[in-house]
Protein chains: 2
Amino acid sequence: MSITILNEGNPTTPSGWRAATWDCAIKYQQRDDLALLVSDQPCSAAAIFTTNRVKAAPVRYDQDLMARNGGILQALVVNAGNANACTGSAGAAAALAMAQTSAQALGLALDHVFVMSTGTIGVPMPIERIVAGIEAAAKRLDQAHGFAAAQAIMTTDTRPKHAAVRVALPSGSTVSLGGMAKGAGMIHPNMATLLAVITSDAALSPAVLDAALRQAAELSFNSISIDGDTSTNDTLLVMANGMAGNQPIEQLDSPDGAAFLAGLTTLCQRLAHAVVRDGEGATRFITINVRGAQSYADAKLAAMTIAKSPLVKTALYGADPNWGRVLCAIGYSGAEVDPERVILDFGGMRVLEGGLPLPFDEAAATALLDVPQVLIEADLGLGEAAATVWTCDLTEGYIQINTEYRT
Amino acid sequence: MSITILNEGNPTTPSGWRAATWDCAIKYQQRDDLALLVSDQPCSAAAIFTTNRVKAAPVRYDQDLMARNGGILQALVVNAGNANACTGSAGAAAALAMAQTSAQALGLALDHVFVMSTGTIGVPMPIERIVAGIEAAAKRLDQAHGFAAAQAIMTTDTRPKHAAVRVALPSGSTVSLGGMAKGAGMIHPNMATLLAVITSDAALSPAVLDAALRQAAELSFNSISIDGDTSTNDTLLVMANGMAGNQPIEQLDSPDGAAFLAGLTTLCQRLAHAVVRDGEGATRFITINVRGAQSYADAKLAAMTIAKSPLVKTALYGADPNWGRVLCAIGYSGAEVDPERVILDFGGMRVLEGGLPLPFDEAAATALLDVPQVLIEADLGLGEAAATVWTCDLTEGYIQINTEYRT
């Protein structure tokens, strides 16, 4: 098995995928804000949705859809600029209209079309312009528009997020996965909910794909934090059309299944990291690794608590080797902890051992932290479990972006 | 029953209480940083401590102390500038030395002296200067030094926090409670953990006092959030010496018990609000009231989730009537919620009903939020339970204070 990362890859990199975009003037001026993504063949599909009790209309539409379509999809329609959330029955009708228009224009069954929206919440959808845009876009589907699709779904993102991977399966075939994501913080006014779409040409069942997606998401999109807020629109979708011609993967714990899972995880991490790097106001990409925990759940809990702490995030903005804030966050995380066993390393330099600070060179430690990519490592000294999460620093830029009046 | 609030009150307002302060040069220049607080008679006492697994030496000392002294105390020694946290066995010895020196200088049993520290963590205590300061301070105990004590425990606080209340008990006696608190954010470098001390001249048992403290704390110090970080040193102590001569309160659910609890809750809320008003970088004091919940736990969870959301706090800094962020926080809080039943009011103006935004006057709503004291109300429409919490806004000032290198 080998995995090749294609940084310039995108959702149309795998075989049999085409995309198109259109300017529906939903909110932004002079840019495409609608994307269609279509497979030449029906796909196995799986999706993960926000856990927020307040769900946008497309999320509710898609949850019903995935419960009735047997895990088969062939197309996605997605718009930026309006999240279609808190829009009542008109919002539900708009989500349905987007699916219906796409299905008709593409000649597909209604239940084979997935719908996503991102942008401002509580604003009625300009559904007539969106319907017209879908009809126009459907006429210019092309393998070349994958990058344009990643651009069309941006909101407060400062750059598009896309990638692809090529996986050599142990059985001999090569499959590809492509993807795009958007997200830079969380909700309204600068609505920047997380949307991510993965396409593939691999052949595998919806059930195997669903299991793979849940594992890959846990180690990628569910292991990042920008501000700890959970949005109304978060959706992660994967669709695989089988056009690579590989022997269908029946088991995730087979050699081919493991290779596919590794490729999917790599791609999801790539996209998730790109989201963190583009975090609102962020100046540093921070990797937090907690090891020596009694369980993975404890390691993840401690790591995510560090990642969410405003005090840790502001200290790292200031390149301050502030071990006290990290130790404190571990202490209140709820994870099983014995303070006298904790070891902390900042940028590879040991700063605390046995619950006591070591006499380290402050200037050297600051230099290790005053870099674009920072590594914080904690060893709890209680077991073998580990988890890694990624976050960004908390800066005046975050305050400024999120203080601005909704416009 | 009547409760009179004395804003200029302090821990020596109740009968039989004296205080003294001293400059031990622990960290700050030219200011007193040590306080002694002593009762003329032994007191019923109760305390609540941080839930952080990383606990400062005085917290560990006091937890053992309260487990063995039968709930009886007569004095408190407290220092600012050094938290005596992450200081190992030398820190434990320092906490003991502070108690021993105080007991000897005051002629009290060791187990009747409580110890608190606040300030930077991971720095050895200058215990010789502290011991000398205790011995000097013990010679000038005075009823007039209550305000000085509130000043001496400050760290990054911009102003001292103190108050007192007078409670007319239904049985005829009048009792007083005084208090001081410190706290402005959380830990190191600008260590600003929460310490609070309540004194009283009421007569009541340690058991009743403990029950009263837990109820009062839930509605005050446990209903505020500045940045969501939980420190290593948080301690809330109450001591009552019985010198008001009231008939001892045997039951909290008696008329006198209820009156005492109301007075204690009022005083604790007063001090807790003062902590929020002095929150690092804060420009607004925000009251969040959630009602219509299925349970108090749900109401509290939803309210605290709103209070902790960086997006809500930055929006309120900008006086932005951003109902979406509040609704979203309720949605991910974990409380039982039906989005279509939620009602939101900002400063008394209805902005959302039945899950849908109302067409409100944005300029008027902004004006209602662009004030020092902001009220956010949510009605979940599911039941009768309610909870109120208090927080502050999140500003560039918070970032600047917490980014600074430890000095």
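Predicted model only: the values in this text are computed from it and were never measured.

### Observations concerning the overall build of chain A
On a plain count of helices and strands, chain A comes out with 11 helices and 16 strands. Its C-alpha atoms give chain A principal-axis dimensions of about 70 × 55 × 35 Å. Scored against the burial criterion, the 407 residues of chain A give a buried share of 63%. Within chain A, counting contacts between residues at least 6 apart in sequence, those at least 24 apart form 79% of the total. For chain A, the accessible surface area stands at approximately 13,500 Å², while carbon and sulfur atoms represent 51% of it. Computed over 26 positive and 39 negative side-chain charges, the separation of the two mean positions in chain A equals 6 Å.

### Details of the sheet that holds strand 14 (residues 356-357) of chain A
Residues and elements named next belong to chain A. The strand order 9-16-11-15-12-13-14 describes an open sheet built from seven strands, whose pairing is mixed. With partners counted over all chains shown, the strands left at the sheet margins are strand 9 (224-225) and strand 14, one partner each. Pairing analysis gives two bridges linking strand 9 to strand 16 (residues 385-392), with the strands arranged parallel. Across the sheet, Ile-224 pairs through a bridge with Trp-390, a residue of strand 16. Packing against the sheet, helix 9 (residues 323-332) makes contact with strand 12 (343-346), strand 13 (349-353), strand 14 and strand 15 (373-379), and its axis sits at approximately 135 degrees to strand 12.

### As for the packing of aromatic side chains
How two aromatic rings sit relative to each other is given by the distance of their centres and the angle of their planes. All told, the structure shown has two aromatic pairs over all chains when counted by the stated rule. Summarising the aromatic geometry, the rings of Phe49(A) and Phe114(A) are spaced 6.2 Å apart at their centres and angled 15 degrees between planes, so their arrangement reads as stacked. With Phe49(A) in strand 3 (residues 34-49) and Phe114(A) in strand 5 (residues 113-120), the pair connects residues that are 65 residues apart, well separated along the chain. As far as burial versus exposure is concerned, Phe49(A) and Phe114(A) are alike and both buried. When the ring centre of Tyr61(A) is taken as origin, the NZ or CZ atom of Arg68(A), which lies over that ring, is 5.8 Å away. Residue placement shows Arg277(B) over the ring face of Phe285(B); its charged tip is 4.0 Å from the ring centre.

### Topic: the environment of Glu218(B)
All names here are of chain B. Inspection of the secondary structure puts Glu-218 in helix 5 (residues 206-218). Taking C-alpha positions, Glu-218 is 27 Å from Thr-395, a pair spaced 177 residues apart along the chain. Residue contacts for Glu-218: discarding those within four places in its chain leaves Ser-223, Tyr-296 and Lys-300. Here the side chain of Glu-218 touches Tyr-296 through a polar contact of 2.6 Å, side chain to side chain. A distance of 2.6 Å separates the side chain of Glu-218 from the side chain of Lys-300, its partner in a polar contact.

### A few points about the UniProt feature "binding site: substrate" (unreviewed entry) in chain A
Residues and elements named next belong to chain A. In this numbering, the UniProt entry assigns the feature "binding site: substrate" (unreviewed entry) to Thr-155, Lys-182, Thr-193, Glu-280, Asn-402 and Thr-407. You can see Lys-182 is positioned in strand 7 (residues 174-182). When its relative accessible area of 0% is taken as the criterion, Lys-182 is described as buried. A polar contact of 3.2 Å, which involves the side chain of Lys-182, links it to the side chain of Thr-118. The topology assignment puts Glu-280 in the loop between helix 6 (255-277) and strand 11 (285-293). Since its relative accessible area comes to 4%, Glu-280 is described here as buried.

### Brief notes about the sheet that holds strand 14 (residues 356-357) of chain B
All names here are of chain B. On the basis of which strands lie adjacent, the open sheet formed by seven strands has the order 9-16-11-15-12-13-14 and mixed pairing. Because the sheet does not close on itself, it has two edges, and the strands there are strand 9 (224-225) and strand 14. Across two bridges, the pairing between strand 13 (residues 349-353) and strand 14 is antiparallel. Along strand 14, the bridge assignment pairs Glu-353 with Leu-356. In the packing of helix 10 (residues 362-369) onto the sheet, contacts are made with strand 12 (343-346), strand 13 and strand 15 (373-379), and the angle to strand 13 comes to roughly 115 degrees.

### With respect to the domain arrangement of chain A
All names here are of chain A. Domain annotation of chain A identifies domain 1 (2-277) and domain 2 (285-403). For domain 1 and domain 2, the distance between their C-alpha centres works out to 32 Å. Between domain 1 and domain 2 the total buried area reaches about 1,300 Å² when both faces are included, carbon and sulfur atoms providing 54% of it. At the boundary of domain 1 with domain 2, the tally comes to one salt bridge. Where Glu-218 meets Lys-300, a salt bridge forms, and the shortest distance between an N and an O atom there is 2.5 Å. Run the count over domain 1 and domain 2 and you get nine residue pairs in polar contact (both at pLDDT 80 or more). Elements represented by at least two residues in the side of domain 1 that touches domain 2 include exactly strand 9 and helix 6. For the side of domain 1 that touches domain 2, the leading source of residues is helix 6, giving four residues. Here the side of domain 1 that touches domain 2 is built from residues that sort into four nonpolar, eight polar and three charged.

### Some details on the pattern of salt bridges
Tallied over the entire structure, the rule returns 36 salt bridges over all chains. Across the salt bridge formed by Arg284(B) and Asp370(B), the nearest N and O atoms sit 3.1 Å from each other. Pair noted here: Arg284(B) is in the loop between helix 6 (255-277) and strand 11 (285-293) and Asp370(B) is in the loop between helix 10 and strand 15, with a separation of 86 residues, a long-range link. Residue class for Arg284(B) comes out buried when judged on its relative accessible area of 9%. One salt bridge in this structure joins Glu377(B) and Arg291(B), with 3.6 Å as the shortest N-O distance. Remark: Arg291(B) occurs in strand 11 and Glu377(B) occurs in strand 15; sequence separation between them is 86 residues. Taken together, the shared-partner salt bridges connect Arg291(A), Asp345(A), Arg350(A), Glu353(A), Glu377(A) and Asp379(A) into one network.

Conventions used here
Residues numbered from 1 in each chain as written. Chains lettered and ligands numbered in written order. Predicted model: local features only at pLDDT ≥ 70, side-chain atom pairs only at ≥ 80, totals over all residues. Heavy atoms only, no water. Helix = DSSP H or I, 4+ residues; strand = E, 2+ residues; numbered from the N terminus. Buried < 20%, exposed > 50% of the residue type's maximum accessible area, 1.4 Å probe, protein only. Contact = heavy atoms within 4.5 Å. Areas by Shrake-Rupley, 256 points an atom, 1.4 Å probe, with all protein chains shown as cover. Lys, Arg positive; Asp, Glu negative; His and termini not counted. Charge placed at Lys NZ, Arg CZ, Asp CG, Glu CD. Pairing = 2+ DSSP bridges. Axes fitted to C-alpha atoms, helices over the stretch in contact; angles between N-to-C directions. Phe/Tyr/Trp six-rings, centres within 6.5 Å; stacked < 30°, edge-to-face > 60°. Lys NZ or Arg CZ within 6 Å of the ring centre and 35° of its normal. Polar contact = N/O pair within 3.5 Å; in protein donor to acceptor, adjacent residues only side chain to side chain. UniProt positions renumbered as here; feature names shortened; annotations may be inferred. Domains from an automatic or database assignment. Buried area = accessible area lost by both parts, 1.4 Å probe. Salt bridge = Lys/Arg side-chain N within 4 Å of Asp/Glu carboxyl O. Nonpolar A, V, L, I, M, F, W, Y, C, P; charged D, E, K, R; others polar.

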